Amino acid sequence: MRKHLVIATRGSRLALWQAEHVKSRLEAQDPGLTVSLNVIKTKGDIILDVPLSKVGGKGLFVKEIEEALLDGRADLAVHSIKDVPMVLPEGLILGCVPQREACTDCFLSVHYADPDALPQKAHVGTSSLRRQAQLLSMRPDLRISSLRGNVDTRLRKLQNGEYDAIILASAGLNRLGLSAPYMAPLDPERFLPAVGQGALGIECREDNYDLLVLLASLEDRATRVCVDAERGFLAGLEGGCQVPIAGHARLVDEETVSLKGLVAEVDGSLILRGEKNGNAADARALGLELAGELLNKGGRAILEKLYQQQ
């Protein structure tokens, strides 16, 4: 085992926190090991003046990082799993999925306690078509605007009065210790999160056996099972993170996983939901099955129309 490893990461404060978190855990496993960070700008970091759904392409936040793994500039990469495409480049794998943070979305506002408390035609910021669709399903009167930038930038725009409320992932807020005057985590029973939200994925070369052994100590089975089910669902829909698709899995017991999924019209006028339970060992297959059911219920037409528009 080499005594020095390089982690490829994006440069946002949240990405650096995540990379530093993994760095400290790896160094704690082996006192003789040192780990450094290689900060890389991705296409998604560079293009900030266009809504994510309009930028196009998959892997907006990972492609350049994966190139660093393949050419040897880095040994591993720490991603938010919701940013990772379903198909990885040949030679790379998700070598580890650590324990998940909160998977929920969080409502934030300076003046209002939750979405129900917003006044008519309130202005809400989000970069996610998934969040937009579910918000408009609950409150068709809301004005939704694209909100780009890192977590600090988005919070600053809220505090400056540009929005009545914004929606962010609870995990990022928890990891960075950030807050707003009013914060309300949105129950997944009512507001489904993104596939893989709150979970990290550690990507590396599949032939780096020594590293895979080291990463095994960070693996969390429950999170891996749930992420496999959710990613199976997204793969079955052939969707990326910039479409109105949501999925949330949980372990009912050691051997049973429950998965809920959603496909929606962007304007919230139609929300297709489904749920399946199955064996945890077949989590990905369960996700694929649920995807097939929602496609046949009308999801295929929704997604085809959206892709044509994009």
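Residues numbered from 1 in each chain as written. Predicted model: local features only at pLDDT ≥ 70, side-chain atom pairs only at ≥ 80, totals over all residues. Heavy atoms only, no water.

Where an unreviewed UniProt entry is consulted, the protein appears under the name Porphobilinogen deaminase, with the organism given as Desulfovibrio fairfieldensis. Check the Subunit (unreviewed entry) section of the UniProt entry for the protein; it says "Monomer." (UniProt positions renumbered as here; feature names shortened; annotations may be inferred.)

S.K.: Pulling in residues and values, what's your account of the environment of Ala-280?
M.R.: Within the secondary structure, Ala-280 sits in the loop between strand 13 (271-279) and helix 10 (283-309). As for Ala-280 and Val-252, which are separated by 28 residues in sequence, their C-alpha atoms are 9.4 Å apart. Residue contacts for Ala-280: discarding those within four places in its chain leaves Arg-221, Val-225, Leu-251, Glu-254, Glu-255, Thr-256 and Val-257. (Helix = DSSP H or I, 4+ residues; strand = E, 2+ residues; numbered from the N terminus. Contact = heavy atoms within 4.5 Å.)

S.K.: Tell me about the packing of helix 9 (residues 221-237) against helix 10, and name the residues and values.
M.R.: Geometrically, a packed helix pair is captured by the angle between its two axes and the distance between the axes. Helix 10 packs onto helix 9 with a crossing angle of 35° between their chain directions and a minimal axis gap of 6 Å. The two elements helix 9 and helix 10 cross, and the hand of that crossing is right-handed. The segment helix 9 lies against helix 10, with Val-225, Asp-228, Ala-229, Arg-231, Gly-232, Phe-233, Ala-235, Gly-236 and Leu-237 engaging Ala-283, Arg-284, Gly-287, Leu-288, Leu-290, Ala-291, Leu-294, Leu-295, Leu-303 and Tyr-307. Per-class residue counts for the contact of helix 9 with helix 10 are 13 nonpolar, three polar and three charged. (Axes fitted to C-alpha atoms, helices over the stretch in contact; angles between N-to-C directions. Left-handed = near helix turned anticlockwise from the far one by under 90°. Nonpolar A, V, L, I, M, F, W, Y, C, P; charged D, E, K, R; others polar.)

S.K.: Give a description of empty space enclosed by the protein that names residues and reports values.
M.R.: Here the structure, examined in full by the defined rule, presents one cavity of 30 Å³ or more. Roughly 40 Å³ of volume is contained in the largest cavity. In this structure, the largest cavity is lined by Glu-189, His-248, Arg-250, Ser-258, Lys-260 and Glu-275. Residue assignment for the lining of the largest cavity shows that the elements contributing at least two residues are strand 11 (245-253) and strand 12 (256-264). Of the residues in the lining of the largest cavity, the class split is no nonpolar, two polar and four charged. (1 Å grid on protein atoms, 1.4 Å probe; cavity = no way out; pocket = protein on both sides within 12 Å on 5 of 7 lines; lining within 4 Å. Points joined across faces, edges and corners; volume = space filled by probe spheres on them.)

S.K.: Would you mind going over the domain arrangement of the protein in detail, with residue names and values included?
M.R.: Here the protein is partitioned into domain 1 (1-98 + 199-219), domain 2 (105-185) and domain 3 (221-303). One C-alpha centre belongs to domain 1, the other to domain 2; they are set 28 Å apart. (Domains from an automatic or database assignment.)

S.K.: Can you tell me about the side chain of Arg-231, naming the residues and giving the values?
M.R.: Inspection of the secondary structure assignment puts Arg-231 in helix 9. Those residues within four positions of Arg-231 in sequence are excluded, and the remaining contacts are Ile-81, Val-84, Pro-85, Met-86, Leu-94, Val-195 and Arg-284.

S.K.: Can you explain the sheet that holds strand 8 (residues 165-169)? Please cite residues and give values.
M.R.: Across the sheet, five strands lie side by side as 7-6-8-5-9; this open sheet has mixed pairing. Of all strands in the sheet, those with a lone pairing partner are strand 7 (143-145) and strand 9 (182-186), marking the two edges. On average, each strand axis in the sheet is inclined to that of its neighbour by 25°, with strand direction left out of account. In this fold helix 5 (residues 129-138) packs onto strand 5 (105-109), strand 6 (123-125), strand 7 and strand 8, with an angle of close to 130° to the strand it touches most, strand 8. Helix-sheet contacts for helix 6 (residues 151-159) involve strand 5 and strand 8, and the interaxial angle to strand 8 is about 160°. (Pairing = 2+ DSSP bridges.)

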